[in-house]
Amino acid sequence: MDAAVRILLGVIAGIIFGLFAAAASIKKKEQKLLIDWQLLSDTLNIRYSWLQKYLSVCDRYMNKFHSDIEALNTLIIKAINEEKDIKFLNMRLLNENNINYKLEAIKTSMADYPLMEGDSEMQGIINSIIESEIAVGKAIQAYNNSNLQYKIFLETFPISIVTFLLNKKTDIPPFMVTQANEFDDNYIDEDEI
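Draft legend 1. Summary view of the packing of aromatic side chains. Applying the stated criterion to the full structure yields one aromatic pair. One cation-aromatic arrangement involves lysine 29 over phenylalanine 153; the distance from NZ or CZ to the ring centre is 5.5 Å.

In structure tokens, the structure reads:
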């Protein structure tokens, strides 16, 4: 009986140790996801600040589109001030898609303003926007990769048991921009002005 009790205690200790190890692994993957989310959020804010500078220059040339420029600027300010926590990812994604939609409308109208092409301030801002959009594309890719790895990890056995016991969310959405393919071509390109 004494040996049976020791074996039983060893099994129980092994299970408890396994649960703690699994919980620590989940926490580590979760931290990676949150770090990548924060990087994406910060990178979007950098892009938004450059877009605000861009809109300021556009407003000088495109007076008849002042209300459209103001509406886009309002969306950008809202996105910058929005809660950055991953729990509000859907709101952040909605803001990004709305900004891209309004930006596309303004960008289409820019063809009627050839003087902007020679503006050196505008060229510098466009180059900075291009760099920020490349960084956003990379941050989206890193976040989505972490998100997928996190979900797969939580669904594997025996981690899935610990996931259930800890009531961890497995439905965190990826960050999918409506016009994500444009991050490769950049939203604002010098030859489009």
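Draft legend 2. Focus on the pattern of salt bridges. Tallied over the entire structure, the rule returns five salt bridges. For lysine 27, the salt bridge goes to glutamate 30, with nearest N and O atoms at 3.8 Å. Separated by three residues within a single helix, lysine 27 and glutamate 30 lie in helix α1 (residues 2-61), roughly one turn from each other. On the basis of relative accessible area, lysine 27 is assigned to the partly exposed category, the value being 43%. Several salt bridges converge on common partners, so that one network encompasses Arg47, Glu96 and Glu133.

Draft legend 3. Here's a closer look at the side chain of arginine 92. Among the structural elements, arginine 92 can be located in helix α3 (residues 89-109). We note that arginine 92 is buried and unpaired, the nearest opposite charge coming from aspartate 42 at a distance of 6.6 Å. Excluding anything up to four places from it in sequence, arginine 92 contacts Trp37, Ser41, Leu44, Asn45, Tyr48, Ala79, Ile80, Lys84 and Phe175.

Draft legend 4. Region of interest: helix α2 (residues 66-81). In a regular helix each residue adds 1.5 Å, so 16 residues correspond to 22 Å; α2 covers 22 Å between its end C-alpha atoms and thus fits that length. Buried within α2 are the following residues: Ile69, Leu72, Asn73, Leu75, Ile76 and Ala79. The buried residues of α2 occupy one face: seen down the axis, they fall within an arc of 160°. For α2, the exposed residues lying more than 90 degrees away from the buried face are Ser67 and Asn81. Buried residues in α2 make contact with α1 and α3.

Draft legend 5. Focus on empty space enclosed by the protein. Inspection of the entire model under this criterion finds one cavity of 30 Å³ or more. Roughly 30 Å³ of internal volume is contained in the largest cavity. Elements with a contribution of two residues or more to the lining of the largest cavity: α1 and α4 (120-155). It is α4 that contributes the most residues to the lining of the largest cavity, three residues altogether. Here the lining of the largest cavity is built from residues that sort into one nonpolar, two polar and two charged.

Rules and cut-offs
- Residues numbered from 1 in each chain as written.
- Predicted model: local features only at pLDDT ≥ 70, side-chain atom pairs only at ≥ 80, totals over all residues.
- Heavy atoms only, no water.
- Phe/Tyr/Trp six-rings, centres within 6.5 Å; stacked < 30°, edge-to-face > 60°.
- Lys NZ or Arg CZ within 6 Å of the ring centre and 35° of its normal.
- Salt bridge = Lys/Arg side-chain N within 4 Å of Asp/Glu carboxyl O.
- Helix = DSSP H or I, 4+ residues; strand = E, 2+ residues; numbered from the N terminus.
- Buried < 20%, exposed > 50% of the residue type's maximum accessible area, 1.4 Å probe, protein only.
- Lys, Arg positive; Asp, Glu negative; His and termini not counted.
- Contact = heavy atoms within 4.5 Å.
- Expected span 1.5 Å × (residues − 1).
- Arc of directions from axis to C-beta.
- 1 Å grid on protein atoms, 1.4 Å probe; cavity = no way out; pocket = protein on both sides within 12 Å on 5 of 7 lines; lining within 4 Å.
- Points joined across faces, edges and corners; volume = space filled by probe spheres on them.
- Nonpolar A, V, L, I, M, F, W, Y, C, P; charged D, E, K, R; others polar.

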